[in-house]
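So you can see what is in the structure, the chains are spelled out below.
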Number of protein chains: 2
Amino acid sequence: MKKASIVSIGNELLSGQTVSTNASYLSERLLSIGIPVVSSYTIGDDTDAIVRAFNLASTDADVVLATGGLGPTDDDLTRSALAEFLDVELQLQDELLQKIQNFFTNRNLQMSAKNKIQAYIPAGAKALANPLGTAPGIMAEVNGKLLIALPGVPSEMERMFEESVLPELQRLAGGQAVVVRKLRCFGTGESNIAELLGPLMQRGSNPLINCTAKHGVITLTINAIAEDKDTARQMAEKDVKSLRDKLGELVYGTEEQTLAEVVGKKLSQQKKTIAVAESCTGGCLAKLLTDIPGASGYFTYGWVTYSNSAKTSELGVGADLIEKYGVVSEQVACAMAQGARKKARTGFAIGITGIAGPSGATEQKPVGLVYISVDSDNECETKRCLFSYDRAFIRLRAAQTALNMLRLKLDG
Amino acid sequence: MKKASIVSIGNELLSGQTVSTNASYLSERLLSIGIPVVSSYTIGDDTDAIVRAFNLASTDADVVLATGGLGPTDDDLTRSALAEFLDVELQLQDELLQKIQNFFTNRNLQMSAKNKIQAYIPAGAKALANPLGTAPGIMAEVNGKLLIALPGVPSEMERMFEESVLPELQRLAGGQAVVVRKLRCFGTGESNIAELLGPLMQRGSNPLINCTAKHGVITLTINAIAEDKDTARQMAEKDVKSLRDKLGELVYGTEEQTLAEVVGKKLSQQKKTIAVAESCTGGCLAKLLTDIPGASGYFTYGWVTYSNSAKTSELGVGADLIEKYGVVSEQVACAMAQGARKKARTGFAIGITGIAGPSGATEQKPVGLVYISVDSDNECETKRCLFSYDRAFIRLRAAQTALNMLRLKLDG
């Protein structure tokens, strides 16, 4: 199997001001054609560091993809570092110079003398056309390794990669096919999932199963590699089925699906509607629901009743109920959901009340305590949750948990 | 000057599924205390690769910061790789085990057997407390180099870095003083700011001024380096003043302040209250307002009136008004704000109606068209905006623009 290594060049990548998305873009595209990325180096605008990174990367892999450092200014050093690594001179390419001049002429701009440097590339290397800018890419071969340098501007880099680099790499990858599938889970932790899956998650196996967690969503990625696409797909599907069998209703969706998307789809299919009444989540749940295009088909009414009086005046939650049980209680969450459902005349309504912190806690009611109610024709189901971490985490987790309760309800 | 190198560990970082923000977070924080990052390595869950990265990073720099690979599953290999690099054994730390057990006990959860592995750390190394999770960090010294391993989950990593690592590194950075100041701007684009500032943004100068843009907020970072803190602070303050003079009311805040935070502070100080009535933003504005702890002091009522009937029944927006001008109109935005202010009895109210897309556009009303009204005692001020890009961008930009309108109103 051919492997790749990525070299990202630029001081701005090391100062923390810019989060480079080039490396992850290239990684995903390379993996999709069966060339996994095995290492990724980020260095500043320094010739020695770039040459060393080329050395390391070409030791790690068959293909080295570098981005950045091809601009016209003095701190753009990729051209000269690549020439040094290849042990050749930089040569002026008249044809390239003409192209760069045309780029400016076509835009009625004066070409800066600095731009001439972009027409130099290492002797023996091939220039790659840049339809969107002045910096050409460079492709060179040495000792059976393929080295490719592309500009750091994402739009230019992506276009050049797709047009000039990808076809070359597909030839290089040969017949090999990769199929990537994802399962999205909610309702338990990463270590519990790992325990449930046991030997399925063995390292170095094919398909390879990877587990990551973000905002309470556990993502299982299944990477299958085979001689042809059909075989790879069958291998991946087999694992998807095993994982689904083991995880049951913990799996809420596939690929890039969010909980809100899956819930929205189910509501649409079942021709049901939903209203929300939020206190501590303060609009997070409504936002998640309306992140999804077409949400107006099932979501019409939302309330952010942040004060007690808002709960009473807008949702009809009895002041005596709040007095008796406290505003953070099962009874108030349920009354909020019921009030919202009645007013909005929807099939379902969700009520959320809790303490997002950092203040507002009492001895009996700590920060992170949240009651979530889902009201429907049959019943008002309430869940008592205790989330930890900080305000943002508690609010998001509460909203996601509410969506998950609704999902399970919609599944019957 | 001390230098740092970063090692990011995890297969998911090489498959392109996760864009790691840890490296840029650490780079920025390290630079702010005068320890520039000179290289950054990303490798997969592979012991040999991790050991090699530790070797490279400790050759490059005085401080090595690694993230990821400290979880409880079999693909978490940072502990054992670090032990191999240090040439010592992993040792069970009873105290750590107790802490991890407590983490589960406090949450009424069963500890998985897998989690025990997290109580092992290399002999002679120091464990770093993780207040938010089960994975402790590790700090070790070898040959005058400081090695630090932190979890890959950003919230855990950041908290541990700030609490346990930063003080240690500040001591290490010694004499040189760095002062970093930030100005946050809203209401114009990055290139316009660059033009307004002109020679102030020269490269290589000290203080160095950097400009980045995210979600419509333009951040100017002023980095001043001097022999002592006072001098560096004076240098930074002088530039902050020049920038403020040039940018005027475009500057809404400093350091990590968000628009919602600044608006909330002004509302509190002026003892004013705010209610919101949202259509296309679907809760985004309420969420931004309630992201801020203590928002209940000035924010009490919010409506997400996603349907026409909700606007009429909840906010008293006339059906004839909607019929006559269309639901996406200055008149409806203003009526929503007025209705909300009347019902919530607040000093201010915001109404937002627009087309977030991708569907819903007409010839006269394109995707991205949003009307935002701020109603107060004196007037109902409405702004017609046309935002581009996608649904998420349009919604967030509309909510931020509403906050900015309110900020300018509160400033008189």
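Fair warning: this is a prediction, and the values are worked out from it, not measured in the lab.

Let's talk about the overall build of chain A
Working step 1: Per the secondary structure count, chain A includes 14 helices and 17 strands.
Working step 2: On C-alpha atoms alone, chain A measures out to a radius of gyration of 28 Å, which is more than a quarter above the 22 Å that the 2.2 N^0.38 rule sets for 412 residues.
Working step 3: Seen along its three principal axes, the alpha-carbon backbone of chain A occupies a region of about 85 × 50 × 40 Å.
Working step 4: Taking all contacts inside chain A whose residues are at least 6 apart in sequence as the whole, residues at least 24 apart take part in 65%.

Quick look at the interface of chain A and chain B
Working step 1: Facing 56 residues of chain A, the contacting portion of chain B comprises 58 residues.
Working step 2: Of the residues forming the side of chain A that touches chain B, the biggest block, seven residues, is contributed by strand 2 (residues 37-43) of chain A.
Working step 3: Sheet topology note: the strand 2 of chain A/strand 2 (residues 37-43) of chain B ladder contains five bridges and is antiparallel. Paired with Thr42(A) across the bridge in strand 2 of chain B is Ser40(B).

Digging into helix 4 (residues 78-86) of chain B
Working step 1: Among all positions in helix 4 of chain B, only Thr78(B), Arg79(B), Ala81(B), Leu82(B), Ala83(B) and Phe85(B) are buried.
Working step 2: One or two residues past the end of helix 4 of chain B sits Asp87(B), with phi positive at roughly 60 degrees.

Description of the domain arrangement of chain A
Working step 1: When cut into domains, chain A gives domain 1 (4-173), domain 2 (177-254) and domain 3 (259-410).
Working step 2: Averaged C-alpha coordinates put domain 1 of chain A and domain 3 of chain A at centres separated by 51 Å.

Description of the pairing of strand 15 (residues 348-354) of chain A
In the case of a regular strand, side chains alternate between the two sheet surfaces.
All names here are of chain A.
Working step 1: Most of strand 15 is tucked away: seven of the seven residues are buried.
Working step 2: Residues Phe-348, Ile-350, Ile-352 and Gly-354 line one face of strand 15 and the alternating positions Ala-349, Gly-351 and Thr-353 line the opposite face, and both faces are buried.
Working step 3: Looking at chain direction, strand 13 (residues 274-278) and strand 15 are connected through five bridges and run parallel. Directly across from Val-276, in strand 15, lies its bridge partner Ile-350.
Working step 4: Where strand 15 meets strand 16 (residues 369-375), six bridges bridge the pair, whose relative direction is antiparallel. Looking across to strand 16, one finds that Thr-353 is bridged to Tyr-371.

Examining the sheet that holds strand 9 (residues 177-186) of chain B
The pairing of strands in a sheet comes from backbone hydrogen bonds and takes either a parallel or an antiparallel form.
Residue and element names in this part refer to chain B.
Working step 1: Pairing within the open sheet is antiparallel, and its four strands lie in the order 10-11-9-12. Only two strands of the sheet have a single partner each, and these edge strands are strand 10 (208-214) and strand 12 (251-254). Adjacent strand axes in the sheet meet at a mean angle of 25 degrees when their direction is disregarded.

Thoughts on the nonpolar core
Working step 1: By size, the foremost hydrophobic cluster in this structure holds 254 residues, and its most contacted members are Ala340(A), Ile350(A), Ala340(B) and Ile350(B).
Working step 2: The greatest single-element share of this core, amounting to nine residues, is contributed by helix 14 (residues 391-410) of chain A.
Working step 3: The contacts of Ile350(A), once residues within four sequence positions are left out, are Ile274(A), Val276(A), Leu285(A), Ala337(A), Ile372(A), Ser373(A), Val374(A), Ala402(A) and Leu406(A).

Notes on unusual backbone geometry
Working step 1: Residues Gly357(A) and Pro358(A) are joined by a peptide bond in cis, for which omega reads 5 degrees.
Working step 2: Note on placement: Pro358(A) falls in the loop between strand 15 and strand 16.
Working step 3: Here the phi dihedral of Glu255(A) falls at roughly 45 degrees; this positive angle occurs in a residue that is not glycine.
Working step 4: Along the chain, Glu255(A) falls in the loop between strand 12 (251-254) and helix 9 (259-269).
Working step 5: Phi at Arg345(B) is positive, roughly 50 degrees, even though this residue is not glycine.
Working step 6: Within the secondary structure layout, Arg345(B) lies in the loop between helix 13 (330-344) and strand 15 (348-354).

Considerations on the pairing of strand 9 (residues 177-186) of chain A
Residues and elements named next belong to chain A.
Working step 1: For strand 9, the buried fraction is high: eight of the ten residues fall into the buried class.
Working step 2: One ladder, built from ten bridges, connects strand 9 with strand 11 (residues 217-226); its direction is antiparallel. Counted as the bridge partner of Ala-177 is Ala-226 from strand 11.
Working step 3: Two elements, strand 9 and strand 12, share three bridges in a ladder whose sense is antiparallel. The residue of strand 12 that forms the bridge with Arg-184 is Gly-253.

Re the packing of helix 2 (residues 22-32) of chain A against helix 6 (residues 154-173) of chain A
All names here are of chain A.
Working step 1: The geometry of helix 2 relative to helix 6 is characterised by a closest axis approach of 11 Å and an angle of 20 degrees between their N-to-C directions. Here helix 6 runs roughly parallel to helix 2, going by the angle between their axes. Helix 2 and helix 6 meet at a crossing whose hand is right-handed. Across the interface between the two elements, Asn-22, Tyr-25, Leu-26 and Arg-29 from helix 2 touch Pro-154, Met-157, Glu-158 and Phe-161 from helix 6.

Some thoughts on helix 6 of chain A
Residues and elements named next belong to chain A.
Working step 1: Under the 1.5 Å per step criterion, the end-to-end length of helix 6 is only 24 Å for 20 residues, more than 12% shorter than the ideal 28 Å.
Working step 2: When the local axis directions of helix 6 are compared, the greatest deviation, roughly 50 degrees, occurs at Val-165, which is followed within four positions by the proline Pro-167.
Working step 3: Where helix 6 is concerned, the buried positions are Glu-156, Met-157, Met-160, Phe-161, Ser-164, Val-165 and Leu-169.
Working step 4: Buried residues along helix 6 sit in contact with helix 2, strand 3 (63-67), strand 6 (126-128), strand 7 (137-142) and strand 8 (145-150).

Let's talk about the sheet that holds strand 15 of chain A
Working step 1: One open sheet accounts for ten strands, arranged 17(A)-16(A)-15(A)-13(A)-14(A)-14(B)-13(B)-15(B)-16(B)-17(B); its pairing is mixed. This sheet does not close on itself; its edge strands, each paired only once, are strand 17 (380-386) of chain A together with strand 17 (380-386) of chain B. On average, each strand axis in the sheet is inclined to that of its neighbour by 10 degrees, with strand direction left out of account.
Working step 2: In the packing of helix 11 (residues 308-315) of chain A onto the sheet, the strands contacted are strand 13 and strand 14 (299-305) of chain A together with strand 14 (299-305) of chain B, and the crossing angle to strand 14 of chain A comes to about 145 degrees.

With respect to the confidence of the model for chain A
Note: predicted coordinates in regions of low pLDDT should not be interpreted at a detailed level.
Working step 1: With 99% of its residues at a pLDDT of at least 70, chain A reaches an overall mean of 91.
Working step 2: The ipTM assigned to the predicted complex is 0.77, against a pTM of 0.78.

A closer look at the environment of Cys185(B)
Residue and element names in this part refer to chain B.
Working step 1: Along the polypeptide, Cys-185 turns up in strand 9.
Working step 2: Exposure remark for Cys-185: the 24 C-beta atoms within 10 Å place this residue in the buried category.
Working step 3: In contact with Cys-185, other than residues within four places in its own chain, are Ile-193, Ile-218, Leu-220, Leu-247, Leu-250, Val-251 and Tyr-252.

Observations regarding the environment of Asp390(A)
Working step 1: Examined against the element boundaries, Asp390(A) turns out to sit in the loop between strand 17 and helix 14.
Working step 2: Counting along the chain gives 226 residues from Asp390(A) to Ser164(A), while the straight-line C-alpha distance between them is 47 Å.

Overview of the environment of Gly354(A)
Working step 1: Summarising the element assignment, Gly354(A) is placed in strand 15.
Working step 2: Judged by the 28 C-beta atoms lying within 10 Å of it, Gly354(A) falls in the buried class.

Here is what the cut-offs are and how they apply
Residues numbered from 1 in each chain as written. Chains lettered and ligands numbered in written order. Predicted model: local features only at pLDDT ≥ 70, side-chain atom pairs only at ≥ 80, totals over all residues. Helix = DSSP H or I, 4+ residues; strand = E, 2+ residues; numbered from the N terminus. Rg over C-alpha atoms; globule rule 2.2 N^0.38 Å. Contact = placed C-beta atoms within 7 Å. Pairing = 2+ DSSP bridges. Buried ≥ 20, exposed ≤ 12 C-beta atoms within 10 Å, placed from the backbone. Domains from an automatic or database assignment. Axes fitted to C-alpha atoms, helices over the stretch in contact; angles between N-to-C directions. Core = buried A, V, L, I, M, F, W, Y, C linked by C-beta atoms within 7 Å. Parallel < 35°, antiparallel > 145°, perpendicular 65-115°, else oblique. Left-handed = near helix turned anticlockwise from the far one by under 90°. Expected span 1.5 Å × (residues − 1). Bend = angle between axes of the 7 residues up to and from the residue. pLDDT = per-residue confidence, 0-100.

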